[in-house]
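Understanding the architecture of this molecule
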Amino acid sequence: ATIKRVDVAFDDFEGKTASIAWAIEQYRSGGFNAGGRAPKHTVHGDWLHGDASIEGRTLGIGARASGKYCRIYEKGKQLGDPESHWVRVEVEWRDQDRFIPYEVLTRPGQYFAGAYPCLGFLSVEQSRIRTIAKGALIAFDTAVRNGKQHIGKLVDLMLRVFGGDCGEVDMRLRREGTPA
């Protein structure tokens, strides 16, 4: 079994630690930069009224198609309380270009805190769900297919000649290094 998607959330019921203003400040100062450049952002909701918003505002960080997406929103206002200060910060991971470990279910706080630099204050221990370098995987698979095409029959012949001794075949064919 594999985890295809997981969402982890942090609720600040009083809006003292996390707020829309805090999220904007973190975005502008690089707090959501996890790979070196600023992620995309989107806004939804009642932004023209600012803090006087009645229906609530949402700031989205990243692109949902990318595999990691953060949303910060005024949860209390979303639920109908225009005076609420309740803010929720959610991080959504999809298995797009990444393997989601089972530990995210038993230690969600560590993964949440490790998702972006600005969330690090939530846990001393932090874990990251890293992206998989698809280019490297594709290149490796291609190299294996090419190797099979070029020397597959030779390896088969050598195994028959050396009585199935893989070590002897390996010793005679191996060269130090990594293909380009």
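Residues numbered from 1 in each chain as written. Predicted model: local features only at pLDDT ≥ 70, side-chain atom pairs only at ≥ 80, totals over all residues. Heavy atoms only, no water.

1. What about the nonpolar core?
Which entries qualify depends on this criterion: For the purposes of this section, nonpolar cores are sets of buried Ala, Val, Leu, Ile, Met, Phe, Trp, Tyr and Cys residues that join through side-chain atoms within 4.5 Å. For each residue, the accessible area found with a 1.4 Å probe, counting protein chains only, is set against the maximum for its type, and the residue is called buried under 20%, exposed over 50%, and partly exposed in between. Working rule for contacts: check all heavy atoms of both residues, and any pair within 4.5 Å makes them a contact.
Judged by nonpolar contacts, the single largest core of 25 residues is most densely connected at Ile72 and Leu119. Not counting the four nearest positions on each side in its chain, Leu119 is found in contact with Trp22, Val89, Val91, Phe112 and Ala113.

2. Looking at the packing of aromatic side chains
Convention followed: Two aromatic rings from Phe, Tyr or Trp, using only the six-membered ring of Trp, form a pair when their centres are within 6.5 Å; if the ring planes differ by under 30 degrees the pair is stacked, by over 60 it is edge-to-face, and anything between is tilted. Secondary structure is summarised from DSSP: a helix means a run of H or I of at least four residues, a strand means a run of E of at least two, and numbering begins at the N terminus for each. Only when the NZ of Lys or the CZ of Arg is both within 6 Å of the ring centre and within 35 degrees of the ring normal is a charge said to sit over the ring.
With the rule as written, the count across this model stands at 4 aromatic pairs. Consider the rings of Phe13 and Trp86, whose centres lie 5.1 Å apart with planes at 45°: the pair is tilted. One end of the pair, Phe13, is in the loop between β1 (5–12) and α1 (20–28); the other, Trp86, is in the loop between α2 (75–78) and β5 (87–94), and 73 residues separate them in sequence. The class for Phe13 is exposed, based on a relative accessible area of 55%. What makes Trp86 buried here is its relative accessible area of 19%. Between the aromatic rings of Phe32 and Tyr116, the centroid separation amounts to 5.2 Å while the plane-to-plane angle is 70°, which identifies the pairing as edge-to-face. Of the two residues, Phe32 sits in the loop between α1 and β2 (41–45) while Tyr116 sits in the loop between α4 (108–115) and α5 (134–161), which places them 84 residues apart along the sequence. On the accessibility criterion, Tyr116 (4% relative accessible area) is buried. Following the ring pairs from residue to residue traces out a cluster consisting of Trp22, Phe32, Tyr116 and Phe121. Across from the ring centre of Trp47, 5.3 Å away, lies the NZ or CZ of Arg57, which sits over that ring. In this structure, Lys68 is placed above the aromatic ring of Tyr116, and the distance from its NZ or CZ to the ring centre is 4.1 Å.

3. Focus: the pattern of salt bridges
The criterion, for reference: Think of a salt bridge as a Lys or Arg side-chain nitrogen and an Asp or Glu carboxyl oxygen that are within 4 Å of each other.
All chains considered together, the criterion is met by 16 salt bridges. In this structure, Glu74 and Arg57 form a salt bridge, with 2.9 Å as the shortest nitrogen-oxygen distance. In this pair, Glu74 is assigned in the loop between β4 (68–73) and α2 and Arg57 in strand β3 (residues 57–61), connecting sequence segments 17 residues apart. Here Glu92 and Arg94 are joined by a salt bridge, their closest N and O atoms 2.9 Å apart. Residue classification places Glu92 among the buried positions, given a relative accessible area of 1%. For Arg94, a relative accessible area of 28% translates into the label partly exposed.

4. So, α1
What counts here: The arc in question is formed by the directions pointing from the helix axis toward the C-beta atoms.
All of the buried residues along α1 are Ile20, Trp22, Ala23, Gln26 and Tyr27. Each buried residue of α1 lies within a common arc of 155° when the element is viewed along its axis, so the set occupies one face. α1 presents Glu25 and Arg28 as exposed residues on the side facing more than 90 degrees away from its buried surface. Those residues of α1 that are buried lie in contact with β2, β3, β4 and β5. One or two residues past the end of α1 sits Gly30, with phi positive at roughly 90°.

5. Let's talk about the confidence of the model for the chain
The condition is simple: Confidence scores labelled pLDDT are given residue by residue by the predictor and lie between 0 and 100.
Of the residues in the chain, 90% reach a pLDDT of 70 or more, and the chain-wide mean stands at 87. In the model of the chain, α5 stands out as the element of lowest mean pLDDT, 79, in contrast to β3, which has the highest, 96.

6. Let's talk about the sheet that holds β2
Within a sheet, each strand pairs with its neighbour through backbone hydrogen bonds, oriented either parallel or antiparallel. Counted only if it meets this: Pairing between two strands is assigned when DSSP locates at least 2 bridges connecting them. Here, axes are lines fitted to C-alpha atoms. For helices the fit covers the stretch in contact, and angles between N-to-C directions go from 0 to 180 degrees.
In spatial order, the strands read β1-β5-β4-β3-β2; together these 5 strands make up an open sheet with antiparallel pairing. Sheet topology places β1 and β2 at the edges, where each strand pairs with a single neighbour. Averaged over all pairs of adjacent strands, the angle between strand axes in this sheet comes to 15°, irrespective of strand direction. Bridge count between β4 and β5: 6 bridges; the pairing is antiparallel. Bridge pairing links Lys68 to Trp93 in β5. Along the sheet face, α1 touches β2, β3, β4 and β5 and points at about 25° away from the line of β3.

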